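What follows is each chain in one-letter form.
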Amino acid sequence: MADLLIELFSEEIPARMQAKASGDLKRMITASLTDAGLTFEVAAAFATPRRLALSVTGVPTSTPDISEERRGPSTRAPEKALEGFMRGAGVTRDQLEEREEKKGTFFYAKIEKPGRAATEVIAEAVEAAVRNFPWPKSQRWGAGALKWVRPLHSIICVFGGNIVKFEIEGVQAGNYTQGHRFMAPEPFTVSDFGDYKAKLLDHNVILDPARRATLIADTAQTLASAAGLELVADRGLLEEVAGLVEWPVPMIGKFDPDFLAVPEEVLILTMKKDQKYFVTRDPATGKLANKFIFAANIEPTDDGTAITQGNQRVLAARLADAKFFWEQDLKGKLDDNLGALKDIVFHKDLGMVSDRVERMKKLSRYLAGFIDGCDADQAERAAELAKADLVSGMVNEFASLQGTMGRYYALAQGEAQAVADAARDHYAPAGPNDACPSAPVSVAVALAEKLDTLVGFFGIDQKPTGSKDPFALRRSALGIIRLITENNVRLELQAVLAAALLGYLDQGNVLIRAKIDEKMHGTADDLEVALGVAIGVHRGAELLSFFGDRLKVQQRDKGVRHDLIDAVFAKGDDDLVRILDRVAALSAALETDDGVNLLAGYKRAANILRIEEKKDGKAYDQSVDMALLTLAEEKSLHIALKDAKAEAEAALTDEDFEKAMAALSTLRVPIDAFFEAVIVNADEADIRANRLALLSEIRSAVNTVADFGLIEG
Amino acid sequence: MTVNFSTKGGMPFQTMILTLQSYWADHGCLILQPHDMEMGAGTFHPATTLRALGPDSWKAAYVQPCRRPTDGRYGENPNRLQHYYQFQVILKPSPADMQALYLGSLEAIGIDSKLHDIRFVEDDWESPTLGAWGLGWEIWCDGMEVSQYTYFQQVGGIECKPVSGELTYGLERLAMFVQGVDSIYELDFNGNGVTYGDVFLENEREQSAYNFEHATTEKLFQDFSQAQAECTKLLEAELPLPAYEQCIKSSHTFNLLDARGVISVTERQAYIGRVRDLAKGCCEAWVKKSAELAAGTNAVRSKEGEA
């Protein structure tokens, strides 16, 4: 057994790639070892800005010997056959053994394959890993052909204290590396992982990214506390910063408090995104403080004054720029920006952003009618202003502040709070975990924004395919689902989609118009149907089933069974709130004994029906003839079905799905009794037909709530 | 060489340029002069764009004035200029010790790497107008970006073999850092009382006014079309060098039109695409022609050998 140490030393690896890269190195090398039959105890991988390192302990020094026995031809076989066998097995005549068997005497060869030296396996494994490393982006350098994330300078490959010798495109594996670029640049040799880690530390490199992160977080905390401030924790930033330094030295800097007049989102963005600084807050007020914390990658020869002053100067210049944009933007009004939206293309076949704003205005007003407490005028006004900040100086400079700035500018020009908030929140929710707007005006505009996107792109056949979704339509659909279901917005999705499509038609969108004309052959008299056909919002058609799929994905994460959604969706309902209520009632019922047995009874009835209907080539959906019901179990089932169906239907009208399911669940007993006592395929044709009709009644009664045929189990 | 330092302690602007030139000359670079045309970045200089292509070794350094019309602020912003200087180094093939060479150049202009925090921060480079890309970093000095460092992978849509390493120093930024001043216009130019503002402030005011207000857009549109046509004609005549100058011209004219705000978002892509097509054509023609010339030289050599 021996321990293996690998280091791939290169020029600076982008911070965002380091964690995955160290994992990939571990995965690739250990897989190669295992494939070759080499076991190991523990493997651990690390990354710094300049190196990937891997330690593997307890690796055998060679792969196991393999001993194999092979049966050859009969001793009576021609000489040629024997020669071929010996060639294939790599043995000579004197190494063969003869064995008597029932069918005669046969030759046997014993092949001994000695194990390979682990060093050979390791050399091959490292070379394969280097040549096939899955960097997101890699490059060539100099006159060479090798690709790595940045130029690769040296490789450590030490096994059991010795160098494993190999070479990849001129880079020799060895046992030396370098420490911190500026604090301890001289090369040094290492004998094993423990030695490597310790010497790196002596040369001002902390190998483990988790240790660097902890050190940064702890020191930052101490610096903030000493200044009487609260550090704003940021896990993502911490990991990034830990990937930018080998020897983190956190320091605290400050900026002119005058800059605090600029919205804090702008200040935070500048500090965090551009400069990788941690921000602090005043614990008393919760407001952003004018102090920031950053991690230098060096213990400087002074007390850190030069580095701190330098960083303060850079930040001041950036904040001055931001303040300039803020003040410039405040000189005008959002309404002044609307004209400029005529010059921004939304999509070449879907018009300019100004066209989109016009459509969103109408749609928001229309949607306001479905949202409790939504003021239609405010919804329309919010939609009008929602995109106006796109041409402001600030958003031009910091694109990710779209919406955020719109809210500030709307408030500054005296718009209602609800209008301003909607300008900010109408992009949300941006994903499954993003906060979903709940303020009525925000919900209206956020819905309008996404409906307009979805319908437009489906209308011009720019649908997502496979992993390609360039216009993020899946996210739009998910956003619509969340906005509707989380706010209990009761609406018919098909009608709303048609209204969104009408917006495009009113603007004379020729592509979408042509699509409708083509599909309807110019005979559309019902516009809503025409629209539905055009973009496939009708049941079973693409856009609605796209919603169905998104709904299943979204609900799956909440533990809801996809087959129950299919079962309810198949009923043709397009009110998402009602659909989920129904699914919930169905799901609860199926957890009870009655529910499980009802489902079993239904399946049995449906199966018999399917087989018999197929055999006879006709449907047994005629009315049950009371006179032909002979057995008590038949009669009581028929009565129970009639009652249960009526009760379920009444409950459905009241949208009391629990009650509907309860009514159906009472059928369990009569159905079970029926199957126990009655033979469906009776000899008398008329009785058999009548019993099949009774089964058909079961099917239709149960299917009032959901298509039970689609439920699994 | 006598170096005059300003009262604040850092190297004067012109001394910094002289120092960088002599540093890179000592490391084997040809010291070239700016290309005599308006361009948005030192990369456009034929000594970088064209020389990055083909198999021959090449090492050069030069100052290139850069014009970015949209960055003009009428001399009112202490950090932004529509005209500034880049110091450009190209090393082909990129040497193994290129990072060390670069850090040596910072040392030469007075940046103490044990006192300051110097970092290589991921910044991949792509020029849609040149059809070029590479990987590299921006170099941070105490949080300030002072240089761009790129390993060219493709130029004009053509693979770079060998790979060139390109260094671009933002001279004004770097000088601000070295001198510790907060405004470009306060930079000590010569160590003898002349500031950057004395030389360039009025220029920034007037050129900003030209770029944003007075440039005649009809004429610019004509210039663009003419440069495009001329470039195409010259490519047909197999004259890649003058053709490439027309490409540079079209690129700058586009930048001016952009500053005048007369190019819509949709048209923007189309214009960039037109410049890229020209650049690609020039690069391809240059590679073809230099290969022919090299083959010709070899042919002559082998004939001489025969004789």
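This one's a predicted model, so the numbers in the text were calculated from it and none came from an experiment.

## Here we look at the sheet that holds strand E16 (residues 288–296) of chain A
The strands that make up a sheet pair up through hydrogen bonds in the backbone, lying either parallel or antiparallel.
Residue and element names in this part refer to chain A.
Part 1 of the reasoning: Here 4 strands make up an open sheet; going across it, the order is E13-E15-E16-E14 and the pairing antiparallel. Unpaired on one side and paired on the other, strand E13 (230–231) and strand E14 (249–254) mark the two borders of the sheet.
Part 2 of the reasoning: In this fold helix H5 (residues 209–226) packs onto E13, E14, strand E15 (278–281) and E16, with an angle of close to 35 degrees to the strand it touches most, E14.
Part 3 of the reasoning: Packing against the sheet, helix H8 (residues 305–331) makes contact with E14 and E16, and its axis sits at approximately 125 degrees to E16.

## Digging into the interface of chain B and chain A
Part 1 of the reasoning: At the interface, 44 residues of chain B touch 43 residues of chain A.
Part 2 of the reasoning: A combined buried area of about 3,600 Å² lies between chain B and chain A, and 51% of that area is made up of carbon and sulfur atoms.
Part 3 of the reasoning: By the criterion of area lost to chain A, the three top residues of chain B are Lys114, Arg119 and Glu122 of chain B, representing 16% of everything that side buries.
Part 4 of the reasoning: Linking chain B to chain A there are 7 salt bridges.

## Some words on the sheet that holds strand E5 (residues 97–101) of chain A
Residues and elements named next belong to chain A.
Part 1 of the reasoning: Within the open sheet, the 3 strands sit side by side as E4-E6-E5. Their pairing is antiparallel. At either margin of the open sheet sits one strand with a lone partner, and together these are strand E4 (66–74) and E5. Direction aside, neighbouring strands of the sheet carry axes that sit 35 degrees apart on average.
Part 2 of the reasoning: Sheet topology places E4 next to strand E6 (residues 104–113); 7 bridges connect them, and they run antiparallel. Its bridge partner being in E6, Glu68 is matched across the sheet by Ile111.
Part 3 of the reasoning: Here helix H2 (residues 79–89) sits on the sheet in contact with E4 and E6, set at roughly 170 degrees to E4.

## Description of the domain arrangement of chain B
Residues and elements named next belong to chain B.
Part 1 of the reasoning: When cut into domains, chain B gives domain 1 (13–212) and domain 2 (216–297).
Part 2 of the reasoning: Computed from C-alpha atoms alone, the centre-to-centre distance between domain 1 and domain 2 is 23 Å.
Part 3 of the reasoning: The interface is formed by 24 residues belonging to domain 1 together with 22 residues belonging to domain 2.
Part 4 of the reasoning: Of the roughly 2,200 Å² buried where domain 1 meets domain 2, counting both sides, 73% is carbon and sulfur surface.
Part 5 of the reasoning: For domain 1, the biggest contributors to the area lost against domain 2 are Met37, Leu50 and Thr129; these three give 27% of the whole.
Part 6 of the reasoning: At the boundary of domain 1 with domain 2, the tally comes to 0 salt bridges.
Part 7 of the reasoning: Where domain 1 packs against domain 2, one counts 6 residue pairs in polar contact (both at pLDDT 80 or more).
Part 8 of the reasoning: Contributing elements (two or more residues each) for the side of domain 1 that touches domain 2: helix H2 (46–49) and helix H5 (196–214).
Part 9 of the reasoning: Here the element with the most residues in the side of domain 1 that touches domain 2 is H5; it accounts for 3 residues.
Part 10 of the reasoning: Split by residue class, the side of domain 1 that touches domain 2 holds 13 nonpolar, 8 polar and 3 charged.

What counts and how
Residues numbered from 1 in each chain as written. Chains lettered and ligands numbered in written order. Predicted model: local features only at pLDDT ≥ 70, side-chain atom pairs only at ≥ 80, totals over all residues. Heavy atoms only, no water. Pairing = 2+ DSSP bridges. Helix = DSSP H or I, 4+ residues; strand = E, 2+ residues; numbered from the N terminus. Contact = heavy atoms within 4.5 Å. Axes fitted to C-alpha atoms, helices over the stretch in contact; angles between N-to-C directions. Buried area = accessible area lost by both parts, 1.4 Å probe. Salt bridge = Lys/Arg side-chain N within 4 Å of Asp/Glu carboxyl O. Domains from an automatic or database assignment. Polar contact = N/O pair within 3.5 Å; in protein donor to acceptor, adjacent residues only side chain to side chain. Nonpolar A, V, L, I, M, F, W, Y, C, P; charged D, E, K, R; others polar.

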